Amino acid sequence: MIRAVIFDLDGVIVSTDEFHFRAWKRVADEEGIPFTRQNNERLRGVSRMESLEIMLERAARKYSQAGKVAMAERKNGYYRELLKDLTPADILPGVLPVLDDLRKRGIKLAIGSSSKNAGPILKAIGMETAFDVVVDGTHITQSKPDPEVFAKAGVSLGVPPGQCLVVEDADAGVEAGLAAGMPVLAVGFAAAHPNATLKARSLAEITVEEMLRVDTREVS
Ligand code: B16
Ligand code: MG
């Protein structure tokens with residue numbers, strides 16, 4: 001039986017995944033590094049510095065550690081500029097009705113995000129009190145696909161892993177949820193992941209009954 005749902009933030013609750021892409025693209029263009037939307041898919045769910053390393057795989061030159069840190073900070077500055085325009089209108093389709101329905105059924109709600117910007121993002125979309133627990137990039141040492149973020153959220157909620165459903169838009173996040181021993185609903189890009197427990201194009205295209213019907217015995 002599912003007693004809690006742990007939502008990824010970027011790309012599941014809010015469309016900030018597009019802002020991440022635009023900020024990385026701006027840095028890549030400045031550095032003359034080829035970077036496409038398809039390249040960007042591998043950055044979903046992984047930390048800022050790991051994202052940078054993936055982007056630099058196509059760079060023609062090597063960068064010093066200090067140069068990399070400066071580049072990651074530059075990207076975050078561009079990203080924070082884009083976040084200034086964030087409003088509740090950026091909440092993705094289906095999110096509010098699903099949260100409302102889950103809450104009415106007594107299901108606990110959490111955020112499990114790799115982002116260090118999760119606090120300001122939740123505030124900008126008016127959802128800073130919508131979740132019982134928020135675990136984000138400021139609370140973890142290992143980013144997805146490591147299970148740390150979801151394991152911590154489960155412990156804070158006081159719900160065993162097999163009774164927490166993870167909702168993710170990233171392959172790395174699907175793997176993190178499964179590694180934490182939790183069933184995973186994959187949405188968007190991640191819906192192509194072969195090991196996802198449930199799949200949907202978005203939260204607007206799945207019912208809460210379908211989400212809660214997941215057979216937790218299949219998850220080890
Ligand atoms: P920041 P999520 C992740 O958030 C993003 O998907 C990923 O693209 C980003 O690199 C990571 O957060 C770190 O974000 O630079 O804001 O700390 O999808 O796990 O909610
Ligand atoms: Mg995400």
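Residues numbered from 1 in each chain as written. Chains lettered and ligands numbered in written order. Predicted model: local features only at pLDDT ≥ 70, side-chain atom pairs only at ≥ 80, totals over all residues. Heavy atoms only, no water.

> Can you explain the overall build of the protein chain? Please cite residues and give values.
On a plain count of helices and strands, the protein chain comes out with 9 helices and 6 strands. Computed over its C-alpha atoms, the radius of gyration of the protein chain comes to 17 Å, within 12% of the 17 Å expected for a compact globule of 220 residues. Once the C-alpha set of the protein chain is aligned to its principal axes, its extents read approximately 50 × 35 × 30 Å. Across the 220 residues in the protein chain, those meeting the buried criterion constitute 51%. Looking at the protein chain alone, contacts between residues at least 24 apart form 62% of all its contacts between residues at least 6 apart. When the accessible surface of the protein chain is split by element, carbon and sulfur atoms take 52% of a total near 10,100 Å². Between the mean site of the 28 positive side-chain charges and the mean site of the 31 negative ones, the protein chain shows a separation of 2 Å. (Helix = DSSP H or I, 4+ residues; strand = E, 2+ residues; numbered from the N terminus. Rg over C-alpha atoms; globule rule 2.2 N^0.38 Å. Buried < 20%, exposed > 50% of the residue type's maximum accessible area, 1.4 Å probe, protein only. Contact = heavy atoms within 4.5 Å. Areas by Shrake-Rupley, 256 points an atom, 1.4 Å probe, with all protein chains shown as cover. Lys, Arg positive; Asp, Glu negative; His and termini not counted. Charge placed at Lys NZ, Arg CZ, Asp CG, Glu CD.)

> An account of the site of ligand 1 is needed here, citing residue identities and associated values.
Around ligand 1, the surrounding shell holds 19 residues, and the nearest of these are D10, V46, S113, S115 and N117. In this structure, D8 approaches ligand 1 through a side-chain N or O atom, which is 2.7 Å from an oxygen atom. Between an oxygen atom of ligand 1 and a side-chain N or O atom of S115, the distance comes to 2.7 Å. In isolation ligand 1 exposes 460 Å². Once the protein is present, 97% of that is buried. (Near = heavy atom within 4 Å. Polar contact = N/O pair within 3.5 Å; in protein donor to acceptor, adjacent residues only side chain to side chain.)

> Explain the packing of aromatic side chains residue by residue, including any values.
Tallied over the entire structure, the rule returns 2 aromatic pairs. Here the aromatic rings of F21 and F35 are separated by 5.9 Å at their centres, their planes lie at 25°, and the arrangement is stacked. Highlighted residues: F21 in helix α1 (residues 16–31) and F35 in the loop between α1 and α2 (37–40), separated in sequence by 14 residues. Both residues of the pair, F21 and F35, belong to the buried class. When the ring centre of Y63 is taken as origin, the NZ or CZ atom of R61, which lies over that ring, is 4.0 Å away. One cation-aromatic arrangement involves K75 over Y79; the distance from NZ or CZ to the ring centre is 4.6 Å. (Phe/Tyr/Trp six-rings, centres within 6.5 Å; stacked < 30°, edge-to-face > 60°. Lys NZ or Arg CZ within 6 Å of the ring centre and 35° of its normal.)

> Tell me about the domain arrangement of the protein chain, and name the residues and values.
As far as domains go, the protein chain holds domain 1 (4–15 + 89–218) and domain 2 (17–83). Between the C-alpha centres of domain 1 and domain 2 the distance comes to 24 Å. With 15 residues of domain 1 at the interface, the matching set in domain 2 holds 15 residues. Per-residue buried area on domain 1 facing domain 2 is highest for S15, N117 and F189; these three make up 37% of the total on that side. At the junction of domain 1 with domain 2, the criterion picks out 1 salt bridge. Note that D169 is salt-bridged to R44, the shortest N-O span being 2.6 Å. (Domains from an automatic or database assignment. Buried area = accessible area lost by both parts, 1.4 Å probe. Salt bridge = Lys/Arg side-chain N within 4 Å of Asp/Glu carboxyl O.)

> I'd love a proper account of the pattern of salt bridges, names of residues and values included.
With the rule as written, the count across this model stands at 20 salt bridges. Two residues, R105 and D101, come together in a salt bridge whose shortest N-O distance is 2.7 Å. Among the salt bridges present, the one from E205 reaches R201, with a minimum N-O distance of 3.6 Å. On the basis of relative accessible area, E205 is assigned to the partly exposed category, the value being 48%. Here R201 falls in the exposed class, since its relative accessible area comes to 67%. Three or more residues are tied together by salt bridges with common partners; here these are R26, E30, E31, R74 and E81.

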